[in-house]
Amino acid sequence: MDITKRDSKMLKGVAILAMLMLHLFCRRDNLPYNPLLWIGDTPLIYYFGLFGDICVAIYCFVSGYAHYMQSSKTELRHRWKRLLRFLIPFWVIAAVFSLIGILTGNSVIPGSVKEFLLNCLTIKNSYNGAWWYANTYILLVALQPLSRKFVERCPAWAVLLTSFAFYTVGYGIRFWGWGSCCSAVLAWIITHIGLLGTSYFPYVIGMLFCKKQVVATLRQRLASVKASNICIFTGVTFAGMIVVHGVIQPLFVAFITATVTIILLCICPLPVWLTNLLCYFGEHSTNIWLVHMFFYGSLFHGIMFFLKYPIPVLLLLIALSLASSYVIRWLSRSILKLVR
């Protein structure tokens with residue numbers, strides 16, 4: 001059996017927890033919390049936060065895998081449904097936190113009507129820095145038919161080579177200053193090409209995994225291996241990746257650590273309670289992604305950092321984000337039913 005819906009939900013749960021770790025703890029200076037363990041002059045938690053940069057690549061992989069499974073007869077309908085299932089909660093979140101901004105007298109959120117509309121249309125992400133992926137996700141959904149044909153009809157090596165070249169260009173635009181220009185419109189277009197480039201490669205890897213049934217093949221070959229040995233191998237590999245990524249820190253390698261993480265999580269016999277917990281977070285992952293940055297940003301002035309220590313800070317952010325997710329679900333439910 002290859003990657004199931006439950007596996008995908010579990011992977012999204014891992015991705016959102018990795019995102020929270022990345023955004024909270026991948027910092028060395030001006031720390032708003034008190035680390036308990038240090039390696040030299042760097043907090044130990046920093047390296048776990050750094051490893052959290054697997055989050056976007058996992059999301060892209062899962063999206064690519066699911067998009068490849070959609071048949072050509074139903075893909076247009078499914079694309080619209082996917083976009084509406086994403087955009088309606090997104091708009092609800094923008095409205096709710098804009099209202100909170102008005103009530104608290106925030107000068108940034110909602111700002112002007114124009115600013116509100118540009119954020120709702122994913123043209124800007126001034127409300128929440130994590131919203132940059134919203135526009136990229138819409139582009140991935142829009143490009144799904146072309147991407148699917150590309151992966152179906154071309155050899156795997158050509159697909160990987162081409163998409164890796166696009167990934168390198170995207171990385172260069174985002175982090176090396178490639179394509180800098182003075183025109184605001186052209187700069188916006190180039191920026192979003194860069195964001196798409198760094199997301200498209202893991203997205204295509206997900207499609208290839210679906211086409212080649214990679215996980216099913218690995219599970220079949222490992223069927224005779226003891227579960228304990230697989231668990232030990234998984235733990236050692238994770239530890240090794242954290243150490244290596246601590247040495248090779250650029251985001252450029254995130255697609256590698258993310259792909260290995262996906263494989264390990266899919267072949268390792270995880271305890272049922274852990275799988276259920278990760279699936280629970282996976283169910284709320286989109287809402288948590290869209291709201292979590294409000295709680296340590298300007299809107300709430302980093303309220304969770306009064307707990308001072310990393311683990312309590314992380315647990316509080318999870319609790320606040322989950323509570324918000326339930327509210328957003330309740331507010332969105334009637335609109336989603338109407339749309340359906």
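Overview of the structure.

What counts, and at which threshold
- Residues numbered from 1 in each chain as written.
- Predicted model: local features only at pLDDT ≥ 70, side-chain atom pairs only at ≥ 80, totals over all residues.
- Heavy atoms only, no water.
- Salt bridge = Lys/Arg side-chain N within 4 Å of Asp/Glu carboxyl O.
- Helix = DSSP H or I, 4+ residues; strand = E, 2+ residues; numbered from the N terminus.
- Buried < 20%, exposed > 50% of the residue type's maximum accessible area, 1.4 Å probe, protein only.
- Contact = heavy atoms within 4.5 Å.
- Patch = residues over 30% accessible without salt bridge, like charges linked within 9 Å, V, L, I, M, F, W, Y side chains within 5 Å.
- Areas by Shrake-Rupley, 256 points an atom, 1.4 Å probe, with all protein chains shown as cover.
- Polar contact = N/O pair within 3.5 Å; in protein donor to acceptor, adjacent residues only side chain to side chain.
- Phe/Tyr/Trp six-rings, centres within 6.5 Å; stacked < 30°, edge-to-face > 60°.
- Lys NZ or Arg CZ within 6 Å of the ring centre and 35° of its normal.

As for the pattern of salt bridges
For the structure shown, the criterion picks out four salt bridges. Between Asp7 and Arg219 there is a salt bridge, with the nearest N and O atoms lying 3.1 Å from each other. Separated by 212 residues along the polypeptide, Asp7 in helix H1 (residues 5–25) and Arg219 in helix H10 (residues 214–221) bring together distant segments of the chain. Taking relative accessible area as the criterion, Arg219 reaches 24% and is therefore assigned partly exposed.

Topic: the environment of Gly302
For Gly302, the position within the fold is in the loop between helix H14 (285–291) and helix H15 (310–339). A relative accessible area of 13% means that Gly302 is categorised as buried. Between the C-alpha atom of Gly302 and that of Leu317, which follows or precedes it by 15 residues, the distance is 9.8 Å. Those residues within four positions of Gly302 in sequence are excluded, and the remaining contacts are Phe295, Tyr296 and Gly297.

Points about a nonpolar patch on the surface
Together, Val113, Leu117, Leu121, Ile123, Val185, Leu186, Trp188, Ile189 and Ile193 line one region of the surface with nonpolar side chains, adding up to about 810 Å² of accessible area. Elements that contribute at least two residues to the nonpolar patch include exactly helix H5 (113–120) and helix H9 (184–212). Of note, Trp188 is situated in helix H9. For Trp188, a relative accessible area of 34% gives the class partly exposed.

Regarding the side chain of Asn287
Among the secondary structure elements, Asn287 is positioned in helix H14. Residue class for Asn287 comes out buried when judged on its relative accessible area of 9%. A distance of 3.1 Å separates a polar atom in the side chain of Asn287 from a polar atom in the side chain of Ser325. In this structure, Asn287 is in contact with Pro89, Ile93, Ser325, Ile328 and Arg329, ignoring residues within four places of it in sequence.

Points about the environment of His292
Here His292 lies in the loop between H14 and H15. Overall, His292 belongs to the buried group, its relative accessible area being 0%. Setting aside anything within four residues of it in sequence, one finds His292 in contact with Met19, Leu20, His23, Ala130, Leu317 and Ser321. Of the polar contacts made by the side chain of His292, one reaches the side chain of His23; its length is 2.8 Å.

Topic: the packing of aromatic side chains
Geometry of an aromatic ring pair is reported as the spacing of the ring centres plus the angle between the planes. In the structure shown here, the tally under the stated rule is 33 aromatic pairs. Note on Phe252 and Phe255: the rings are 6.5 Å apart at their centroids and 80 degrees apart in plane angle, and the pair reads as edge-to-face. Judged by relative accessible area, which is 21%, Phe252 ranks as partly exposed. For Phe255, a relative accessible area of 13% gives the class buried. Three or more aromatic residues joined by ring pairs form one cluster here, namely Phe86, Phe90, Phe97, Tyr127, Trp131, Trp132, Tyr133, Tyr137, Trp289, Phe294, Phe295 and Phe300. A cation over a ring is seen here: Arg148 above Tyr68, with NZ or CZ 5.1 Å from the ring centre. The ring centre of Trp132 lies 5.0 Å from the NZ or CZ of Arg174, which sits over that ring.

Regarding unusual backbone geometry
The step from Ile109 to Pro110 runs through a cis peptide bond, and the omega angle for that step is 5 degrees. Secondary-structure assignment places Pro110 in the loop between helix H4 (75–104) and H5. Phi at Gln213 is positive, roughly 50 degrees, even though this residue is not glycine. With respect to the secondary-structure elements, Gln213 resides in the loop between H9 and H10.

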